Amino acid sequence: MKILKSIAVAFSMYSRIPMPHFAWASDDMKYHLIFFPWIGIVIGGIEYLWLFICEKFGIERAAFGLIAVAIPFIVTGGFHVDGFMDTSDALSSWQDKEKRLEILKDPHIGAFAVIRLLTAVLILLAAIIMMDKKNFIFWIISFFTARILSGISVVKFKNAKKDGLLNTESKTANEKTVFICLIIELILAGAFMICLSPAIAICHFICMACLFVYYRWMSLEKFGGITGDLAGWFVTVSEVVAAVAGVFLTIGGIN
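The text that follows walks through the structure, step by step, so that each part is easy to find. All values derive from a computational prediction rather than experimental measurement.

**Details of the packing of helix 10 (residues 198–223) against helix 11 (residues 228–251)**
Axis separation between helix 10 and helix 11 bottoms out at 10 Å; the angle between their running directions is 150°. The orientation of helix 10 with respect to helix 11, classified from their angle, is roughly antiparallel. Both helix 10 and helix 11 take part in a crossing whose hand is right-handed. Across from Ile200, Cys203, His204, Cys207, Met208, Leu211, Phe212, Tyr214, Tyr215, Met218, Ser219 and Phe223 in helix 10, the residues of helix 11 making contact are Leu230, Ala231, Trp233, Phe234, Val237, Ser238, Val241, Ala242, Ala245 and Leu249. Partitioned by chemical class, the residues of the contact of helix 10 with helix 11 number 19 nonpolar, three polar and no charged.

**With respect to a nonpolar patch on the surface**
On the surface, Ile194, Ile202, Phe205 and Ile206 cluster together to form a nonpolar patch covering roughly 350 Å² of accessible area. If one sorts the elements of the nonpolar patch by residue count, helix 10 sits on top with three residues. Inspection of the secondary structure puts Ile206 in helix 10.

**So, the pattern of salt bridges**
Counted under the stated rule, the structure contains four salt bridges. The closest approach of N and O atoms between Glu239 and Arg147, which form a salt bridge, is 3.0 Å. Of this pair, Glu239 sits in helix 11 while Arg147 is found in helix 7 (residues 133–156), placing the two residues 92 residues apart along the sequence. Glu239 gets classed as buried once you look at its relative accessible area, which sits at 9%. Put simply, Lys156 and Glu175 hold a salt bridge, and the shortest N to O gap is 3.1 Å. Of this pair, Lys156 sits in helix 7 while Glu175 sits in helix 9 (residues 175–196); the two residues are 19 residues apart in sequence, bridging distant segments of the chain. Take Lys156: its relative accessible area is 43%, and that puts it in the partly exposed class. Residue classification places Glu175 among the partly exposed positions, given a relative accessible area of 37%.

**Observations regarding the packing of helix 5 (residues 97–105) against helix 10**
Direction vectors running N to C along helix 5 and helix 10 enclose 110°, while the axes themselves pass 8 Å from each other. Judged on the interaxial angle alone, helix 10 and helix 5 are roughly perpendicular. Residues Lys97, Arg100, Leu101 and Leu104 of helix 5 lie in contact with helix 10, whose contacting residues are Leu220, Glu221, Lys222 and Phe223. By residue class, the composition of the contact of helix 5 with helix 10 is four nonpolar, no polar and four charged.

**Considerations on the packing of aromatic side chains**
The tally for this structure, following the rule as stated, stands at 14 aromatic pairs. With 4.7 Å between their ring centres and 20° between their planes, Tyr215 and Phe234 make a pair best called stacked. Of the two residues, Tyr215 is situated in helix 10 and Phe234 in helix 11; the sequence distance between them amounts to 19 residues. A relative accessible area of 0% means that Tyr215 is categorised as buried. Relative accessible area serves as the criterion here: at 0%, Phe234 is assigned to the buried category. By the ring-pair criterion, three or more aromatic residues cluster together here, those being Phe157, Phe212, Tyr214, Tyr215, Trp217, Trp233 and Phe234. Residue placement shows Lys156 over the ring face of Phe179; its charged tip is 4.6 Å from the ring centre.

**Thoughts on helix 6 (residues 111–130)**
Given a rise of 1.5 Å per residue, 20 residues ought to cover 28 Å, and the 29 Å separating the end C-alpha atoms of helix 6 matches this to within 8%. On its buried side, helix 6 packs onto helix 3 (61–76), helix 4 (79–92), helix 7 and helix 11.

**Some points on unusual backbone geometry**
Phi at Trp94 is positive, roughly 55°, even though this residue is not glycine. Position of Trp94 relative to the elements: it lies in the loop between helix 4 and helix 5.

**Remarks on the side chain of Asp86**
In this structure, Asp86 sits in helix 4. Beyond its immediate sequence surroundings of up to four residues, Asp86 is in contact with Ile103, Leu104, Asp106 and Asp229.

Cut-off values and rules
- Residues numbered from 1 in each chain as written.
- Predicted model: local features only at pLDDT ≥ 70, side-chain atom pairs only at ≥ 80, totals over all residues.
- Heavy atoms only, no water.
- Axes fitted to C-alpha atoms, helices over the stretch in contact; angles between N-to-C directions.
- Helix = DSSP H or I, 4+ residues; strand = E, 2+ residues; numbered from the N terminus.
- Parallel < 35°, antiparallel > 145°, perpendicular 65-115°, else oblique.
- Left-handed = near helix turned anticlockwise from the far one by under 90°.
- Contact = heavy atoms within 4.5 Å.
- Nonpolar A, V, L, I, M, F, W, Y, C, P; charged D, E, K, R; others polar.
- Patch = residues over 30% accessible without salt bridge, like charges linked within 9 Å, V, L, I, M, F, W, Y side chains within 5 Å.
- Areas by Shrake-Rupley, 256 points an atom, 1.4 Å probe, with all protein chains shown as cover.
- Salt bridge = Lys/Arg side-chain N within 4 Å of Asp/Glu carboxyl O.
- Buried < 20%, exposed > 50% of the residue type's maximum accessible area, 1.4 Å probe, protein only.
- Phe/Tyr/Trp six-rings, centres within 6.5 Å; stacked < 30°, edge-to-face > 60°.
- Lys NZ or Arg CZ within 6 Å of the ring centre and 35° of its normal.
- Expected span 1.5 Å × (residues − 1).

Below, the structure is given as structure tokens:
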């Protein structure tokens, strides 16, 4: 029952997928981050189904790309994109750490947030259209791995604030168990990717590792630690970076 509640909490918080309603207790949040990456599996599964439909019925590549971009927004309700936009505004302000943290709390959308989101969406759309099938499959796996790394950051990185959702999550989570389970999930994802293509898997590992290191440095340097918005920024950027990597691998004929 505790596991089922943890799954329900994870999917209720990070997706629009209907879940049973119940009163959450602190115990219900101890292990929910373990199941956070499972939302990525759902997104990836839908993406693969859409790829299958497009191949079977000969749907135009442009339509395929547009819907592929929309699927994560539909499943998550744009949860992580909101963090991406808030972080974009804060980074573009060129203010000190305290002011950047205040900007993250501001409910208004700034011009730089819109510009960066449009840029990210256009890059992602172009990348999806240009990728071959194998690299597209690796891209949809990134929905899983990005959320694993994001979960690890929640339990292991320094928090910038002593309030907010992310601080609550990190305090209530069973850090040791969550970390071990996320590492196991990452190893399983890595093993699966290596079975598909060792060369592509290594390239994706390098890209994701570099972005993860940058994410840690940026959060400490610019904000004094991570927040929920920064975690959302990382998930969003990870998916774009994985897609761009897929394009270069496709062009390079690496499989």
